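One letter stands for each residue in the lines below.
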Amino acid sequence: MSTTTAASATAGTRRRSISLAEAWREFWRWPSPWIMTAVLVPALVGRIALGDFGRSDLVTAAIMVAAQPFVEWVLHVTMLHMRPFEAFGRMIDPLFARMHREHHAEPRDTELVFIPTPVLVQVLVIALAVTFFAFSDVSSGLTFLVMLTIIGLVYEWTHYLIHTDYRPKTALYRILWRNHRLHHYKNENYWMALTNTTPDTLFGTNPDPSEVETSPTATNLLGS
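Residues numbered from 1 in each chain as written. Predicted model: local features only at pLDDT ≥ 70, side-chain atom pairs only at ≥ 80, totals over all residues. Heavy atoms only, no water.

**Here we look at the overall build of the protein chain**
At step 1: Helix and strand counts for the protein chain stand at nine helices and two strands.
At step 2: Put simply, the protein chain runs from its N terminus to its C terminus through helices and strands in the order α-α-α-α-β-β-α-α-α-α-α.
At step 3: Compactness check: the protein chain gives a C-alpha radius of gyration of 19 Å against a globular reference of 17 Å for 224 residues, within 12% of the reference.
At step 4: Taking all 224 residues of the protein chain together, the buried fraction comes to 42%.
At step 5: The contacts of the protein chain with a sequence gap of at least 6 include a subset with a gap of at least 24, amounting to 64%.
At step 6: As presented, the protein chain carries roughly 12300 Å² of accessible surface, and 64% of it is formed by carbon and sulfur atoms. (Helix = DSSP H or I, 4+ residues; strand = E, 2+ residues; numbered from the N terminus. Rg over C-alpha atoms; globule rule 2.2 N^0.38 Å. Buried < 20%, exposed > 50% of the residue type's maximum accessible area, 1.4 Å probe, protein only. Contact = heavy atoms within 4.5 Å. Areas by Shrake-Rupley, 256 points an atom, 1.4 Å probe, with all protein chains shown as cover.)

Here is the structure:
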């Protein structure tokens, strides 16, 4: 793939170059990071207060970190790109799918980059229920909640940063930046991972961009 072609397939419409510090300050002007931090801080304080850290905490953390890229890939493919469907005489079109279509239509709209607040609140309520009812002890549940909110913040920050005008300066971030922008500006059926490209490689959604046609529906997922 030529340098010119690669640039046109990933750049979108840039406004200006910004620094990492500018992007970081802007990130905290949106509700999603604060909502997750409001859950993370008391969960972390509570977990530290309970003490008695053990192997189970390391196992829980390791499993969640290892599973996260695959969970992210599956949710992106099956839920965020879900098309409206009819069930029991009703049309089903969840908010997260509608907002994701809007995100593809307007990838420069910062508000659409973040997890929709109603969806995030619902997810965190479910996470709190899992924390206190699905584990044999509170400490294990709090370890799960701490890891979940940290993973969520990393996801939100990475997704937000890719959609800003901050230019990649490290090899790892350059790969993530390139792949996600190819997903938006080249073809919405590929490059489904965001924070880790392993699932795309394993599941065949990380092709050579030069061998993929530019999709006419990358910014209009329903094609209408």
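Structure's up, so let's keep going.
**Some remarks on a nonpolar patch on the surface**
At step 1: On the surface, Leu50, Leu128, Phe132, Phe133 and Val138 cluster together into a nonpolar patch covering about 520 Å² of accessible area.
At step 2: Sorting elements by how many residues they give to the nonpolar patch places helix 6 (residues 117-133) first, with three residues.
At step 3: By the secondary structure assignment, Leu50 is in helix 3 (residues 31-50). (Patch = residues over 30% accessible without salt bridge, like charges linked within 9 Å, V, L, I, M, F, W, Y side chains within 5 Å. Salt bridge = Lys/Arg side-chain N within 4 Å of Asp/Glu carboxyl O.)

**Some remarks on the packing of aromatic side chains**
At step 1: A full pass over the atoms with the stated rule returns 16 aromatic pairs.
At step 2: Between Trp28 and Trp34, the aromatic rings sit 5.1 Å apart at their centres with planes inclined by 70°, giving edge-to-face as the arrangement.
At step 3: The rings of Trp24, Phe27, Trp28, Trp30, Trp34, Phe114, Trp157 and Tyr160 are connected pair by pair, giving a single aromatic cluster.
At step 4: Taking the ring centre of Phe53 as reference, the NZ or CZ of Arg47 above it sits at 4.1 Å. (Phe/Tyr/Trp six-rings, centres within 6.5 Å; stacked < 30°, edge-to-face > 60°. Lys NZ or Arg CZ within 6 Å of the ring centre and 35° of its normal.)

**Some points on the confidence of the model for the protein chain**
At step 1: Overall, the prediction assigns the protein chain a mean pLDDT of 92, with 92% of residues at 70 or greater.
At step 2: Note that residues 1-8 has pLDDT below 50 and, in this model, four contacts with residues that lie over four places away or in other chains. (pLDDT = per-residue confidence, 0-100.)

**Describing helix 7 (residues 138-162)**
At step 1: The end-to-end C-alpha distance of helix 7 is 36 Å, a good match for the 36 Å that 25 residues give at a rise of 1.5 Å each.
At step 2: Judged by how many residues are buried, helix 7 sits mostly within the fold: 20 of 25 residues are covered. (Expected span 1.5 Å × (residues − 1).)

**Re the environment of Met82**
At step 1: Note on placement: Met82 falls in the loop between helix 4 (55-80) and strand 1 (85-87).
At step 2: Sequence-distant contacts of Met82, defined by excluding residues within four places in its chain, comprise Pro94, Phe96, Ala97 and Arg101.

**Quick notes on the packing of helix 3 against helix 6**
At step 1: Running from N to C, helix 3 and helix 6 point in directions that differ by 15°, and their axes come no closer than 10 Å. In this view, helix 3 runs roughly parallel relative to helix 6, as classed from their interaxial angle. The handedness of the crossing between helix 3 and helix 6 is right-handed. Across the interface between the two elements, Pro31, Ser32, Ile35, Met36 and Val39 from helix 3 touch Thr117, Leu120 and Leu124 from helix 6.
At step 2: In terms of residue class, the contact of helix 3 with helix 6 is built from six nonpolar, two polar and no charged. (Axes fitted to C-alpha atoms, helices over the stretch in contact; angles between N-to-C directions. Parallel < 35°, antiparallel > 145°, perpendicular 65-115°, else oblique. Left-handed = near helix turned anticlockwise from the far one by under 90°. Nonpolar A, V, L, I, M, F, W, Y, C, P; charged D, E, K, R; others polar.)

**Examining the pattern of salt bridges**
For side chains bearing opposite charge, pairing can occur when the charged atoms are close.
At step 1: Enumeration according to the criterion identifies four salt bridges in this entry.
At step 2: Close ionic contact of Arg29 with Glu26 constitutes a salt bridge, the shortest N to O distance being 2.7 Å.
At step 3: Given a relative accessible area of 60%, Arg29 falls into the exposed group.
At step 4: Asp165 is the salt-bridge partner of Arg108, the closest N and O atoms lying 3.0 Å from each other. Of this pair, Arg108 sits in the loop between helix 5 (95-105) and helix 6 while Asp165 sits in the loop between helix 7 and helix 8 (171-185), placing them 57 residues apart in sequence.
At step 5: Classification of Asp165 as buried rests on a relative accessible area of 6%.

**A short note on the side chain of His159**
At step 1: Relative to the helices and strands, His159 is located in helix 7.
At step 2: Of the polar contacts made by the side chain of His159, one reaches the backbone oxygen of Val113; its length is 3.0 Å.
At step 3: Sequence-distant contacts of His159, defined by excluding residues within four places in its chain, comprise His103, Val113, His180 and Leu194. (Polar contact = N/O pair within 3.5 Å; in protein donor to acceptor, adjacent residues only side chain to side chain.)

**Observations concerning the environment of Leu194**
At step 1: Counting through the fold element by element, Leu194 comes out in the loop between helix 8 and helix 9 (198-203).
At step 2: Residues Leu194 and His76 lie 118 residues apart in sequence; the distance between their C-alpha atoms is 9.3 Å.
At step 3: Setting aside residues up to four positions removed in sequence, Leu194 forms contacts with Glu72, Tyr155, Thr158, His159, Ile162, Leu176 and His180.

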